[in-house]
Amino acid sequence: MVVPDDVRPPRSGSSRSSGPGRRATELEPAAGRKWSEADIIWELWNLRALQPAATREDLLEIKRRQELVLAREREALAGLWAGDRDILAPGHGFLEENPDLASGVTVSMHLGPYQLLAEPFLAAGLEPVILLNSRAMKSFKPGTESFVRHLGYKTRIEWAPVGGRGFVRQLIRAVEAERPVLVYLDGNSGDRGMAETRDRGLRYGLPGRDIRVRTGLARLVCRLGCPVHRLSLHWTDDGQLAWRRDPTLAWGRKDHPDLVTRTLFDWCFGRIMARPEQWHYWAMLRESSACFGSSLIGDPRVPRGLRGDVSQAFETCLEHAPETVRLILEKEAEVWPGDVLADLSEDRFYPAAGLSDDDLDVLRTEQPTLAELSAHHGEAWVRFHALRLCLLGMARLGG
């Protein structure tokens, strides 16, 4: 129930159509905020997890609508602080029409004015339990409790920090006591943060790439057999607040937590993809991306035992057949701001080590010989960068 401290979407990334080599000249969305080229590239890469064919123009249109939504939310929440409670009426009526939401687990996401999720329960005299990770707890809890006091409610929120001592028993007690348990599914993080999610989470396929998701909630609801309500908030086109409920689900001990997890995230991303401009947690896509798992960072595409052989073969070709041996780029590659060499075919990222995006242009359109590359870039460039592209599995030598 508090406006987030930082409503600016985090940096994310891009694909070929708007990379540094495309020399975009105007990076200002219609709403007036100026975006650097690096912002645009990373944001577009992030967006393409959900919309693989998204263009730079698609991204800026989402950003334009996003700023309108944020302005609407600020106005509505500021009105609440000033005493205008009209925005709360839809939630109160919704809970009255759906009294079974007062018990079981309710999953939602950071969509629309997600801060209001707990308010109808408090207004009805209930004491909801909210499951959050420790990082979210620090930013979300103080403002929410202050707002609850401002509204004058007698009941309170009970907080359950993921990974905290006894938090599972805390949730079990709440479910058994038929209290509402509220979970932001797209939080997707635990007591050890997103690094643990990337390394140990369940691989989940989005349209554009794989991410990792946590299965702990699914294991819990399978154990308890409690109802799982699916609830989301969003703004309508005419500026009204809408509460949406999808059919309640229930699982038991015989159900597989991985399948339950996929079902819940299918629903979650379905709601998000319908209104991407209203989603507040785009960082989750980047931070959950499977390609950033610790086991993959810096992983050479050529096994270490063969790197000497590849290097020797490259040196032999350069010395004895530079006029006939060609360098063939096999992957979609770009150099992004921040000295990042991106293998977009496999979502792998490496230090550019001085390589520029312009250097790759000739490889994208032609298959130059090593002699032609030496004439254009110099032999030192070929010995380092051309060989490195081969060792990273992004290029190969051919006749």
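Please read all numbers here as calculations on a predicted model, not as lab measurements.

**Considerations on the pattern of salt bridges**
It is possible for side chains bearing opposite charge to pair when their charged atoms get close.
Then, in step 1: What the rule picks out here adds up to 20 salt bridges.
Then, in step 2: Residue E287 pairs with R286 through a salt bridge whose shortest N-O separation is 3.4 Å.
Then, in step 3: Here R383 ties to E315 by a salt bridge, and the two come within 2.4 Å at their closest N and O atoms. Here R383, found in helix α14 (residues 379-391), pairs with E315, found in helix α11 (residues 304-320); they are 68 residues apart in sequence, far enough to count as distant.
Then, in step 4: With a relative accessible area of 28%, R383 lands in the partly exposed category.
Then, in step 5: Taken together, the salt bridges that share partners define one network made up of E315, E319, E379 and R383.

**As for the environment of E43**
Then, in step 1: Along the chain, E43 falls in helix α1 (residues 37-47).
Then, in step 2: By relative accessible area, which is 4% here, E43 ends up buried.
Then, in step 3: Through-space distance from the C-alpha of E43 to that of W282 is 8.9 Å; in sequence the pair is 239 residues apart.
Then, in step 4: Looking at E43, its side chain comes within polar contact range of the side chain of K63, at 3.3 Å.

**Comments concerning the sheet that holds strand β11 (residues 340-343)**
Then, in step 1: Across the sheet, three strands lie side by side as β10-β11-β12; this open sheet has antiparallel pairing. What marks the edges here is a single partner per strand, and that holds for β10 (333-336) and β12 (348-351). When strand polarity is set aside, the average angle formed by the axes of neighbouring strands in this sheet is 25°.
Then, in step 2: Bridging between β10 and β11 involves four bridges; their strand directions are antiparallel. Bridged to V335 within β11 is L341.
Then, in step 3: Across the sheet, α1 is in contact with β10, β11 and β12; its angle to β10 comes to roughly 135°.

**Here we look at the packing of α1 against helix α2 (residues 56-81)**
Then, in step 1: Here α1 crosses α2 at 90°, and the two axes come no closer than 10 Å. Comparing the axis directions of α1 and α2 gives the class roughly perpendicular. Residues I40, E43, L44 and L47 of α1 touch α2, and the partners they reach there are R56, L59, L60, I62 and K63.
Then, in step 2: Taken together, the residues of the contact of α1 with α2 break down into six nonpolar, no polar and three charged.

**Details of a positive patch on the surface**
Then, in step 1: There is a patch of like positive charges on the surface, built from R169, R173, R223 and R253.
Then, in step 2: One can find R253 in the loop between β8 (241-250) and α9 (257-274).

**Re helix α8 (residues 216-224)**
Then, in step 1: Those residues of α8 not exposed but buried are L217, A218, L220, V221 and C222.
Then, in step 2: Buried residues belonging to α8 abut β1 (104-108), α6 (167-176), β4 (180-184), β7 (227-235) and α9.

**A word on α9**
Then, in step 1: Its 18 residues place the ends of α9 26 Å apart at the C-alpha level, agreeing with the 26 Å of an ideal helix rising 1.5 Å per residue.
Then, in step 2: Considered for burial, the residues of α9 that qualify are P257, V260, T261, L264, F265, W267, C268, F269, R271 and I272.

**Remarks on the nonpolar core**
Then, in step 1: Grouped together as the largest cluster of nonpolar side chains are 52 residues, with contacts concentrated most on V105, F269, W279, M284 and L285.
Then, in step 2: For this core, the element with the highest residue contribution is α9, accounting for seven residues.
Then, in step 3: Residues in contact with L285, not counting those within four places in the same chain, are N46, A49, L50, L206, I211, F269 and W279.
Then, in step 4: Ranked by size, the runner-up nonpolar core spans 32 residues in total, among them L88, M137, F147 and L151.

Reading guide: rules and limits
Residues numbered from 1 in each chain as written. Predicted model: local features only at pLDDT ≥ 70, side-chain atom pairs only at ≥ 80, totals over all residues. Heavy atoms only, no water. Salt bridge = Lys/Arg side-chain N within 4 Å of Asp/Glu carboxyl O. Helix = DSSP H or I, 4+ residues; strand = E, 2+ residues; numbered from the N terminus. Buried < 20%, exposed > 50% of the residue type's maximum accessible area, 1.4 Å probe, protein only. Polar contact = N/O pair within 3.5 Å; in protein donor to acceptor, adjacent residues only side chain to side chain. Pairing = 2+ DSSP bridges. Axes fitted to C-alpha atoms, helices over the stretch in contact; angles between N-to-C directions. Contact = heavy atoms within 4.5 Å. Parallel < 35°, antiparallel > 145°, perpendicular 65-115°, else oblique. Nonpolar A, V, L, I, M, F, W, Y, C, P; charged D, E, K, R; others polar. Patch = residues over 30% accessible without salt bridge, like charges linked within 9 Å, V, L, I, M, F, W, Y side chains within 5 Å. Areas by Shrake-Rupley, 256 points an atom, 1.4 Å probe, with all protein chains shown as cover. Lys, Arg positive; Asp, Glu negative; His and termini not counted. Charge placed at Lys NZ, Arg CZ, Asp CG, Glu CD. Expected span 1.5 Å × (residues − 1). Core = buried A, V, L, I, M, F, W, Y, C linked by side-chain atoms within 4.5 Å.

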